[in-house]
Structures are given as structure tokens and as C-alpha cells.
2 protein chains.
Amino acid sequence: MMGGELARPDVDEGEEGEHGVRIGELSRRTGVSVPTIKYYVREGLLPAGRLSSPNQASYDASHERRLRLVRALLDVGGLSVAAIREVLDAVDDTERPVHKVLGEAADRLAARHVGEPDAALDAARAAVADLVERRGWRVNVKSPQAEALAGALAALERVGHGTFVELLDDYADAAEKVAGVDLAYAARSARREGLVESAVVGTVLGDALLTALRRLAHVDASARAYGDGGPEGPVAREASGEPGAPDGEGRGSGPDAAA
Amino acid sequence: MMGGELARPDVDEGEEGEHGVRIGELSRRTGVSVPTIKYYVREGLLPAGRLSSPNQASYDASHERRLRLVRALLDVGGLSVAAIREVLDAVDDTERPVHKVLGEAADRLAARHVGEPDAALDAARAAVADLVERRGWRVNVKSPQAEALAGALAALERVGHGTFVELLDDYADAAEKVAGVDLAYAARSARREGLVESAVVGTVLGDALLTALRRLAHVDASARAYGDGGPEGPVAREASGEPGAPDGEGRGSGPDAAA
DNA sequence: TGCAATGGATAGTGGCACTCACCACTATCC
DNA sequence: GGATAGTGGTGAGTGCCACTATCCATTGCA
């Protein structure tokens, strides 16, 4: 009951008291269509609402939060519905010890397909093992995370950019740095309940954040190295200039994109 | 003519002279099925082979390289076939000046869907503009790269982790660092032809590399902060320990994954 | 009374990355 | 001269996925 602005126009739509809102209002607040919410409930991404009648259920703030999380993982994180379900199953498992749940969630997030055995992959695994030892990392070289790294290195090798591995330590420096910051962030935030959720959010959305920043930094590095500072100003223009920058992006976007 | 080990068992299958190989051999070398190669040609990801007869075409090393690139972008980079076509169209455009092509390729790689207007997005855009000014980055705040960053920030905000923006500068430090390294790498590699390709590879596979490293670093940070060093050794075990680490991953993988 | 909205369920949609089936043809082996 | 495997090209089909449409009986509310 209550809350819907169309069903109950006399009630302030902004508050839902103790019961929560119905599906239409939840849809309105999150921008997710009603059929899609139903679909998520069916798929186990979202718990069902609390039934007050055979056909009246109410959704509270936790549903809204969860729904936003699902959309973020889907849209920004690029996870599949199945992957999200797996991760959230781990998140919701209040029985198991926290560290186990964290590990499982992390593994789920890193899991990739394997593919057939391959010389490049073997070499990449060795490079990963070297890296881990060189840096003294306390990680299992057979973990999904290490396998994902080996997969990326093998792909570089196969594509003729095997020399990219020379940048590995610089990349690792950067990764270490952000990982440390991530840890500190999460350590001061959620206590126990939202902890695993924080881990998932930080991992998935942090990836998106970092890659977006890297691309932006590419643009800047190009402009800086090859001189942009044309007639107008150096910043917030279309970045005219003479990029010609190798790895990075030449410019932010087409000249018209800034108009 | 020539090349096929079944069609011409008398010829060494490892060399293809001046003409190149036929589709079957290309398939064998890359592990991509013949129908799939045909599909890629149809979709414009791969140029057709050079016809010597109405139904005999030969593929050379450039085809093989391109095919491996496609698979890398698809499998590791997670790009769609349509996105790959767009990027490669830019790569192959030898008419336009290099810096324009680079910018276009970069924009294609960063392009995301927009979604409806949103308060969180507006705030995120402002945060991005702040960041850009604060760091003196020479980038257009309306570029796809900046929009992608705003999208990630907005998602964090919507999901209740708005405080994550406090880490933005640490993330930006790391991004700047790798971007600089990327630039130096590409500057010393390909001259002009492979330059744009290097940019694409570096951007896409570099992303995969960096995120894999971040996750690995999470595992290490957790183990380091919460102590793993159990009975056996600290490294290359299943990372037993007491992760309980917030943002990162608890352990490398399940105990059985190491067996 | 009337009607929008709800929970629930089944079936259908559109997109995507292939994959199959088929054709006429060719290269090579015997 | 077969016989056979392989080829380029094309249209149709497949399986998966994230929804979306349709329908139903029931309900809240004016």
C-alpha cells in the first residue's frame, strides 16, 4: 500500500514510511521498467517484495539500493545477468565467514574463459610467476586473477606486441597504488553488511573509473607531448593541436563534439 | 595454388613464399574456424584474400596478424564485432592524417551509451571538470573519454558510494603514470603503419592488463594487511589466511583451484 | 462501479556471434 | 580419367541473452 503518486495522489511521493513502495514507484525512482524489475526478481538478482496481499507487495530502500547496484554492474561494469547473480549470491550469503565470501566474489569477478593450451599462454604464465615473485606478492599464481593477467599478456604476445611486457612493472606499480587506496577506502566504510558489497562495487566500478581515467590521461599526455595549445586556450578546447601521439588518443573528440 | 598441407603434402607447411596460404591453413594457424574467418571477411573485419582463381584466394602474414588482432579485441578486450569494425576502419584509413585517425579510433574505443539526463550525471560531470582543471589536463571535458569517466562516477554516486570520489586523485595519479609509459612505449615502436594499430592494442589490451593487475594487487594487499602467511608459505599457496579485506579480493581462489 | 495498478507466468523479440548447408568450382592424387 | 578434399561465396539457421509483451485474476481506491 501507499506511496504511488498515481494510485494515491494525496500521499507525498517522497516518503514511504515503514512499508515501502510498490513496484511502479520503484520503477519510477530508478528508471528501470516494471517488466524488467519483475525479470530481475525472477532471475534472483533482486529479492521479491514483501507481500501484504496476494497481489500487493512493497519494496523498501534496500530493494532500491540493490536495483541500482544491479544496473551499475550491468551498464557500467558490463557484467552479465548470470555473473551478477553469482556475485550477489555470494554477497547475500550471511552464513559463511566474511573472508570466504569476499574471496568467492572476487573469483567470480575475475573468472574468464580458458581456451585451448597455447605456447603464448604458457610463457605468459611464467611471466606472471616471475612478476609475483619479483614483487613479493602474496598471491596464488593459479588464481583466476593471475590467469586473467596471463591471458592478457598472451594476447599481447600473439598480436605481435610481446615487448609490452617491459611495461609490466610500471603497470604493477600503478595497480599496487590503487589497490592500497581501495583497501583503505573500504576499511573505513561499511562495517560488515555492506562490506562485501563495497568490495564488489569498488572492484567493478573502480575498473571502469581507472580505465576511463587512463584514456583521459592518454589524451592529455598526447596533447602535452605533441603540443596542442593552439590559438584559443590549452584546456577545454577541442584540443586541436598535433597529436600524432602513438599509444594515446589524438584528441578528446571530434571538433563538433565540443560544440 | 600452393601451401595446403593436405592439398600439397610435398610442400613444407611452414613457409608460404610470396603468395601466402589458403583459408584452411590460416584457420589452422590461428585457431579460428574457417566459417568464422569467412564471417569476419563478410563483416569487414578482415580483408578478403587475393584471388588467383575464381575460388582460390591466398592470405598472407598481414591477414594472420589482423585476424589475431580481431580475436584479441574480441576475447580479451571484450569489444563487439561492430565496434571492432569501426575501430579497424579508422586504422585502415590511410588517407586521413594520422593524428585525426588516432583521435577517431580513441573516441570509438571510449564511446558508451548515454542514457537519460540525471542529477548524478550532472554532478559527476562537474567533478570531472574540477579534476581536469585541478590537474591541468589538456583535454576536452566533452570528449567521450571524459563522459565515460563521468558515467562511472555517476554510477558510484547512484549506488551509494559517492565518497569514492575522494580517491579520484589517487586514481588519476596512477592513470597518468601508465599513460606516460604507454606513450613512451608507442613512441619507440611502430613508425607510421602500425602506429594506429599500436594505439588500439595498447589501449584495449592495456586496459585488460591493468585491471587484471589491480585485482591481483587487491589479493596481495588483503593478504598483506590481514596476514596470510599460514602454515605453508606466504606465496604460491592457496592464500589461506584471513583476508576479510574490504575492497579487494579475499584470496586468490578457492583452495581446490590450486590443486 | 469502474479502472488503474499489481503479482505472477508464459511466450515472444531483437541483437549478436557465430555456424550450417549448399553451390559450383578447383587442385591434387591415383 | 576419376575420386576426393578443399575453396570462395551466400543465405539461412542456431543458441544465447537481456529484456518485453501479453495475459490473467485480484486488488486498492475514487
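Not measured: the values here are computed from a predicted model. (Residues numbered from 1 in each chain as written. Chains lettered and ligands numbered in written order. Predicted model: local features only at pLDDT ≥ 70, side-chain atom pairs only at ≥ 80, totals over all residues. Heavy atoms only, no water.)

Observations concerning the overall build of chain A
Per the secondary structure count, chain A includes nine helices and two strands. Secondary structure of chain A in N-to-C order comes out as α-α-β-β-α-α-α-α-α-α-α. For chain A, with 259 residues in total, the buried portion stands at 47%. When the accessible area of chain A is evaluated, it comes to approximately 11500 Å², of which 51% is carbon and sulfur surface. (Helix = DSSP H or I, 4+ residues; strand = E, 2+ residues; numbered from the N terminus. Buried < 20%, exposed > 50% of the residue type's maximum accessible area, 1.4 Å probe, protein only. Areas by Shrake-Rupley, 256 points an atom, 1.4 Å probe, with all protein chains shown as cover.)

A look at the packing of helix 5 (residues 98-110) of chain A against helix 7 (residues 144-158) of chain A
All names here are of chain A. In the contact formed by helix 5 and helix 7, the axes pass within 8 Å of each other and the chain directions differ by 20 degrees. The pairing of helix 5 with helix 7 is recorded here as roughly parallel in orientation. For helix 5 against helix 7, the interelement crossing comes out left-handed. The segment helix 5 lies against helix 7, with Ala106, Asp107 and Ala110 engaging Pro144, Gln145 and Ala148. Of the residues assigned to the contact of helix 5 with helix 7, the class counts are four nonpolar, one polar and one charged. (Axes fitted to C-alpha atoms, helices over the stretch in contact; angles between N-to-C directions. Parallel < 35°, antiparallel > 145°, perpendicular 65-115°, else oblique. Left-handed = near helix turned anticlockwise from the far one by under 90°. Contact = heavy atoms within 4.5 Å. Nonpolar A, V, L, I, M, F, W, Y, C, P; charged D, E, K, R; others polar.)

What about the relation of the copies chain B and chain A?
Laying chain B over chain A is done by rotating through 180 degrees and shifting 0.0 Å along the axis; what remains is an RMSD of 0.1 Å. Interpreted geometrically, this transformation is the action of a two-fold axis. Every residue of chain B has its C-alpha some distance from the rotation axis, and the shortest such distance is that of Ala174 of chain B, at 2.4 Å. (Least-squares fit on C-alpha atoms with pLDDT ≥ 70 in both.)

Let's talk about the pairing of strand 1 (residues 50-53) of chain A
Inspection of the sheet shows strand 1 of chain A paired to strand 2 (residues 56-58) of chain A by three bridges, in the antiparallel sense. Considered in strand 2 of chain A, the bridge of Ser53 of chain A is made with Gln56 of chain A. (Pairing = 2+ DSSP bridges.)

Considerations on the nonpolar core
Ranked by internal contacts, the top residues of the largest apolar core, which has 137 residues, are Leu209 and Leu213 of chain A together with Leu209 and Leu213 of chain B. Setting aside chain neighbours within four positions, we find Leu213 of chain B in contact with Leu131, Trp137, Leu149, Leu168, Tyr171, Ala172 and Ala175 of chain A. (Core = buried A, V, L, I, M, F, W, Y, C linked by side-chain atoms within 4.5 Å.)

Some thoughts on the pattern of salt bridges
All names here are of chain B. Summed over the entire model, instances satisfying the criterion amount to 44 salt bridges over all chains. Among the ionic pairs, Arg135 bridges to Asp173, the shortest N-O distance being 2.5 Å. A residue pair is termed long-range when its members are at least 10 positions apart, and Arg135 in helix 6 (residues 119-135) and Asp173 in helix 8 (residues 168-188) qualify at 38 residues. By relative accessible area, which is 29% here, Asp173 ends up partly exposed. Among the salt bridges present, the one from Asp220 reaches Arg224, with a minimum N-O distance of 3.1 Å. (Salt bridge = Lys/Arg side-chain N within 4 Å of Asp/Glu carboxyl O.)

A word on the side chain of Arg135 of chain B
In this structure the side chain of Arg135 of chain B is engaged in a polar contact, spanning 2.8 Å, whose partner is the side chain of Asp169 of chain B. Apart from residues no more than four positions distant in its own chain, Arg135 of chain B is found in contact with Asp169, Ala172, Asp173 and Glu176 of chain B. (Polar contact = N/O pair within 3.5 Å; in protein donor to acceptor, adjacent residues only side chain to side chain.)

A word on the interface of chain B and chain A
Counting residues at the interface gives 113 residues for chain B and 114 residues for chain A. Carbon and sulfur atoms make up 66% of the area that chain B and chain A hide from each other, which totals about 10300 Å². Between chain B and chain A we count eight salt bridges in total. Asp207 of chain A is the partner of Arg215 of chain B in a salt bridge, and the nearest nitrogen-oxygen pair spans 2.3 Å. (Buried area = accessible area lost by both parts, 1.4 Å probe.)

Structural notes on the packing of helix 8 (residues 168-188) of chain A against helix 8 of chain B
Put simply, helix 8 of chain A and helix 8 of chain B touch, their axes get as near as 9 Å, and they point 175 degrees apart. Classified by the interaxial angle, the pair formed by helix 8 of chain A and helix 8 of chain B is roughly antiparallel. For the pair helix 8 of chain A and helix 8 of chain B, contact is made by Asp170, Tyr171, Asp173, Ala174, Lys177, Val178, Val181 and Asp182 of chain A and by Asp170, Tyr171, Asp173, Ala174, Lys177, Val178, Val181 and Asp182 of chain B, respectively. In terms of residue class, the contact of helix 8 of chain A with helix 8 of chain B is built from eight nonpolar, no polar and eight charged.

Digging into helix 8 of chain A
An ideal rise of 1.5 Å per residue puts 30 Å on 21 residues; helix 8 of chain A measures up with 30 Å between its terminal C-alpha atoms. Every buried residue of helix 8 of chain A is listed here: Leu168, Tyr171, Ala172, Ala174, Ala175, Val178, Ala179, Val181, Asp182, Leu183, Tyr185 and Ala186 of chain A. (Expected span 1.5 Å × (residues − 1).)

Concerning the confidence of the model for chain A
Residue and element names in this part refer to chain A. For chain A, the mean per-residue pLDDT works out to 81, and 78% of the residues sit at or above 70. Per-element mean pLDDT across chain A ranges from 85 in helix 5 up to 97 in helix 2 (residues 34-43). In the model, residues 1-17 has pLDDT below 50 throughout and makes 21 contacts with residues more than four positions away in sequence or in other chains. (pLDDT = per-residue confidence, 0-100.)

Some points on the packing of aromatic side chains
Counted under the stated rule, the structure contains six aromatic pairs over all chains. When the centroid spacing of 5.7 Å and the interplanar angle of 65 degrees are considered together, the rings of Phe164 of chain A and Tyr171 of chain A count as edge-to-face. The class of Tyr171 of chain A is buried, set by a relative accessible area of 0%. An aromatic cluster of three or more residues is present, and its members are Phe164 and Tyr171 of chain A together with Tyr185 of chain B. (Phe/Tyr/Trp six-rings, centres within 6.5 Å; stacked < 30°, edge-to-face > 60°.)

What to know about helix 7 of chain A
Residues and elements named next belong to chain A. An ideal rise of 1.5 Å per residue puts 21 Å on 15 residues; helix 7 measures up with 21 Å between its terminal C-alpha atoms. Listing the buried residues of helix 7 in full gives Gln145, Ala146, Leu149, Ala150, Ala152, Leu153, Ala154, Ala155 and Leu156. Two residues or fewer after helix 7 comes Gly160, characterised by a positive phi angle close to 90 degrees.

Points about the environment of Lys142 of chain A
Mapped onto the fold, Lys142 of chain A is located in the loop between helix 6 (119-135) and helix 7. For the pair Lys142 of chain A and Arg125 of chain A, spaced 17 residues apart in the sequence, the C-alpha separation amounts to 9.0 Å.

Quick word on the side chain of His161 of chain B
As for its position among the elements, His161 of chain B is in the loop between helix 7 (144-158) and helix 8. Once you skip the residues sitting within four places of it in the chain, His161 of chain B turns out to touch Arg65, Tyr185, Glu197, Ser198 and Val201 of chain A together with Leu156 of chain B.

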